[in-house]
Amino acid sequence: AQSVTQPDIHITVSEGASLELRCNYSYGATPYLFWYVQSPGQGLQLLLKYFSGDTLVQGIKGFEAEFKRSQSSFNLRKPSVHWSDAAEYFCAVALGGARQLTFGSGTQLTVLP
Amino acid sequence: DAGVTQSPTHLIKTRGQQVTLRCSPKSGHDTVSWYQQALGQGPQFIFQYYEEEERQRGNFPDRFSGHQFPNYSSELNVNALLLGDSALYLCASSSLGSGADTQYFGPGTRLTVL
């Protein structure tokens, strides 16, 4: 069965520090890959997506992610975190872009001043 | 350009009751998907509607049903509510008809079952 693993339940970083959130997937084929962010009590906002091509993708708010086929990973990075980045981050996969999304359990990001 | 909208924002029901949640997709989108997000968890896929038909369904019981209208808006109905149905219900829209490849989410409806 397909699955998405986000190994880190909670990450704390200081403002200005770099960030990497991990995501691993188990799928029969290379799926479509997404990162979404959710602020408290809010819906999900798309940060970036990977379908094919260049394995390093750029997203909104200064985020980027790298697809590594050999590791079945799609880790999210940001060089310098801002206090407004504090939120929950979800990695998701799908067999097609508009097909059902399978989500990881999320990583809660806390940013210290 | 309005994004995905959902109503109501919050809802409180008691066990055994029925509830209807509503979703209007983003302009130009023809596909609506529904997800359930329990507290502290990632969203789980319930079902997807396209051309007024359910085309995909996740692992949810028949108590969960839906409908899509000719204007592409959608309803999610849950019968015989259980305490475990308390969750944030998210609607996402996309466009299978034009091959648009990304789902955009609404703000959600928070359902509390007492």
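Presented here is a report on the structure given in the accompanying data block.

Thresholds applied
- Residues numbered from 1 in each chain as written.
- Chains lettered and ligands numbered in written order.
- Predicted model: local features only at pLDDT ≥ 70, side-chain atom pairs only at ≥ 80, totals over all residues.
- Heavy atoms only, no water.
- Helix = DSSP H or I, 4+ residues; strand = E, 2+ residues; numbered from the N terminus.
- Rg over C-alpha atoms; globule rule 2.2 N^0.38 Å.
- Contact = heavy atoms within 4.5 Å.
- Buried area = accessible area lost by both parts, 1.4 Å probe.
- Salt bridge = Lys/Arg side-chain N within 4 Å of Asp/Glu carboxyl O.
- Polar contact = N/O pair within 3.5 Å; in protein donor to acceptor, adjacent residues only side chain to side chain.
- Nonpolar A, V, L, I, M, F, W, Y, C, P; charged D, E, K, R; others polar.
- Buried < 20%, exposed > 50% of the residue type's maximum accessible area, 1.4 Å probe, protein only.

Topic: the overall build of chain B
Stage number 1. Within chain B one finds zero helices and eleven strands.
Stage number 2. Going residue by residue from the N terminus, the α and β elements of chain B occur as β-β-β-β-β-β-β-β-β-β-β.
Stage number 3. Scaling as 2.2 N^0.38, a compact globule of 114 residues should have a C-alpha radius of gyration of about 13 Å, and chain B matches this with 13 Å.
Stage number 4. Dimensions of chain B, computed from the C-alpha atoms along their principal axes, are close to 40 × 25 × 25 Å.

Focus: the interface of chain A and chain B
Stage number 1. Counting from both sides, the interface comprises 19 residues of chain A and, opposite them, 21 residues of chain B.
Stage number 2. With both sides pooled, the region where chain A packs onto chain B buries about 1500 Å², and carbon together with sulfur makes up 53% of that total.
Stage number 3. For the pair chain A and chain B, the number of links is zero salt bridges.
Stage number 4. For the interface between chain A and chain B, the tally reads five residue pairs in polar contact (both at pLDDT 80 or more).
Stage number 5. Counting residues per element, the ones that place at least two in the side of chain A that touches chain B are strand S5 (32–38) and strand S6 (45–50) of chain A.
Stage number 6. In terms of residue count, S5(A) provides more of the side of chain A that touches chain B than any other element does, three residues in total.
Stage number 7. When the residues that make up the side of chain A that touches chain B are grouped by side-chain class, the tally is nine nonpolar, eight polar and two charged.

Points about the side chain of Thr107(A)
Residues and elements named next belong to chain A.
Stage number 1. Mapped onto the elements of the fold, threonine 107 is located in strand S12 (residues 107–112).
Stage number 2. What makes threonine 107 buried here is its relative accessible area of 1%.
Stage number 3. One polar contact links threonine 107 to glutamine 6, side chain to side chain, over a distance of 3.5 Å.
Stage number 4. At 2.6 Å, the side chain of threonine 107 and the backbone oxygen of aspartate 8 are in polar contact.
Stage number 5. Leaving out residues up to four positions away in the same chain, threonine 107 has contacts with Gln6, Asp8, Ile9, Ile11, Leu21, Ala87, Glu88 and Tyr89.

Concerning the environment of Val113(B)
All names here are of chain B.
Stage number 1. Mapped onto the secondary structure, valine 113 falls in strand S11 (residues 109–113).
Stage number 2. With a relative accessible area of 5%, valine 113 lands in the buried category.
Stage number 3. Once the C-alpha coordinates of valine 113 and glycine 16 are considered, the two residues, 97 residues apart in sequence, prove to be 9.2 Å apart.
Stage number 4. For valine 113, the contacting residues outside a window of four places in its chain are Lys13, Thr14, Arg15, Leu81, Leu82, Leu83, Asp85 and Ser86.

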